Amino acid sequence: MIRLSGRFRSALIIGTQGIRSRKTRTFLSMVSLFLGVLAVVVVQVGAEVARSAQLADLELQAGKDGTRQAYLPGGGDVMRITEETLRGRDDGVAAINQMAIIGEPDVRPINPGAMPFEDGSMAYDPGGGAMVCDERGCRPMEQFTPQVPGQAIEVQIVALTGDVRQFRPFRPVAGEWLDFTGDPSLSPRIVINEEAAEGFRRHQVPAEMRVTGTTANPTPRIIGVVDDGSPQPTAYLRADELDTWRAPGGADDQGAGIQVMLAPTAGDLEQLLRARLVAAGVPADNLQFSTIDIRKSIARELALVRWIFLGMAGLVLLIGVAGILNVGLATVGERVEEFALRRAVGTPRSLLAGIVLAETLLTGLFTAVAAIGLSALGLTAISTVLGGREEFLRDLAFPWQAGVAGVIAGLVAGLLGGLIPAIRAARIPIATVMRA
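A.B. asks: Any chance you could explain helix α9 (residues 336-344) here in plain terms?
C.D. replies: Given 3.6 residues per turn, any residue in an α-helix points the same way as the ones three and four places further on. Every buried residue of α9 is accounted for by V336, F339, A340 and R343. Buried residues of α9 fall within an arc of 100° about the axis and therefore sit on the same side. Where α9 terminates, the next one or two residues include G346, which has phi positive at roughly 100°.

What follows is the structure, given as structure tokens:
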């Protein structure tokens with residue numbers, strides 16, 4: 001073991017001296033290899049950034065991995081029991097989804113069905129029926145308001161029993177988020193998403209909100225804007241502030257959707273909610289909780305894209321390997337007498353091969369460091385310049401996976417490019433020293 005360690009140390013020292021004495025050839029080898037290693041690093045960086053961006057967007061819409069969720073049936077006492085069970089708990093949130101119209105009363109909203117303002121429009125058939133038109137075409141839509149146009153916007157409202165951001169990490173855009181610590185207000189405070197904010201920016205509508213199942217139309221107050229990843233105009237508010245205006249059983253009769261999100265550690269809360277709902281007459285088969293696992297759903301897609309681009313980067317890397325091989329063979333040809341002389345004084349063939357491999361491996365390692373450094377600087381520049389436009393580009397950190405991939409690519413390229421020259425150096429006969 002000591003002798004092998006000594007040979008390795010000797011090969012490393014002599015290889016370093018060879019690199020220093022042939023700076024031009026080393027530089028040419030690094031240039032030929034640089035693009036290949038850089039391509040591998042960039043692919044890894046891009047894959048990790050894309051994964052983080054896609055994961056962040058999916059978390060906004062679906063929720064964080066590990067969250068337990070269930071969609072409960074409406075009707076009866078389901079909404080009341082759910083709100084009572086979850087209100088005040090920090091390990092579970094209920095979201096009651098309904099539709100609301102904000103603006104002039106008893107008019108047709110500008111975007112029926114809470115359609116996105118960019119993607120949809122309203123049309124009418126010759127018989128006077130309402131048609132919803134979007135990129136998929138036009139189709140009839142049941143109308144709950146008179147066919148009188150007016151200044152009103154339809155949004156999806158999400159009444160919350162607690163802070164949902166622990167499960168869906170909304171990005172703040174302006175203003176503030178809902179405060180669940182104080183008493184409910186008679187004027188519901190709402191936080192809207194960016195699509196709803198765009199609608200209110202385009203259209204000036206009165207501050208009157210009509211929700212099916214309420215006894216009167218409350219006056220909402222917009223206190224903030226968030227990015228929730230949804231293309232549909234959406235408003236978030238406290239459930240108890242909406243309950244102040246709700247008629248008993250009215251929302252249930254209209255089929256409001258109820259989504260429950262629980263922390264992975266809230267097993268007792270899940271059992272309590274399930275027991276209370278079953279006791280109220282809800283069939284146990286309708287209470288199906290599932291665990292969110294969005295990483296698993298996107299893993300195959302991202303892996304496929306990554307392998308495709310890694311294959312393309314591998315082809316570029318092979319060009320660099322060919323460059324190292326070419327320079328290595330030329331260098332060995334020029335050092336035939338040197339290697340023959342070393343053989344004559346007792347240098348083992350394995351050490352001669354180790355000297356050549358040490359040079360190519362060090363060249364690959366230096367190239368990897370340069371490629372990683374350039375990639376890190378480029379990522380920092382992109383984050384600084386474009387971070388204000390795209391949220392996922394803000395405060396980007398260089399992924400360690402890309403650094404490891406770059407080092408491995410450099411070492412593998414150095415090994416492949418130096419293997420044949422190393423074998424050739426080891427096979428140089430001692431008699432060649434007589435040429436000197």
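Next comes the rest of the account.
A.B. asks: Please clarify how the pattern of salt bridges should be interpreted in this entry.
C.D. replies: When charged atoms on two side chains of opposite charge get close, those side chains can pair. As enumerated under the stated definition, the model contains 14 salt bridges in all. Of the charged contacts in the structure, one is a salt bridge between R201 and E198, with a shortest N-O distance of 2.6 Å. With a gap of 3 residues between them, R201 and E198 both fall in helix α4 (residues 194-202), about one helical turn apart. Here E198 falls in the partly exposed class, since its relative accessible area comes to 22%. Among the ionic pairs, E198 bridges to R202, the shortest N-O distance being 2.9 Å. Here E198 pairs with R202, and both are found in helix α4, just 4 residues apart, close to one helical turn. Assessed through its relative accessible area of 36%, R202 is described here as partly exposed. One continuous salt-bridge network, built from bridges that share partners, spans D77, R80, E84 and R276.

A.B. asks: Is there a simple way to explain the pairing of strand β1 (residues 68-72) in this structure?
C.D. replies: Note on strand geometry: in a regular strand, side chains alternate between the two faces of the sheet. Sheet topology places β1 next to strand β12 (residues 257-262); 5 bridges connect them, and they run antiparallel. Following the sheet pairing, Q69 is matched in β12 by M261. Judged from the 2 bridges that link them, β1 and strand β13 (residues 290-291) form a sheet pairing that is antiparallel. Bridging from a neighbouring strand, R68 pairs with T291 of β13.

Conventions used here
Residues numbered from 1 in each chain as written. Predicted model: local features only at pLDDT ≥ 70, side-chain atom pairs only at ≥ 80, totals over all residues. Heavy atoms only, no water. Buried < 20%, exposed > 50% of the residue type's maximum accessible area, 1.4 Å probe, protein only. Helix = DSSP H or I, 4+ residues; strand = E, 2+ residues; numbered from the N terminus. Arc of directions from axis to C-beta. Salt bridge = Lys/Arg side-chain N within 4 Å of Asp/Glu carboxyl O. Pairing = 2+ DSSP bridges.

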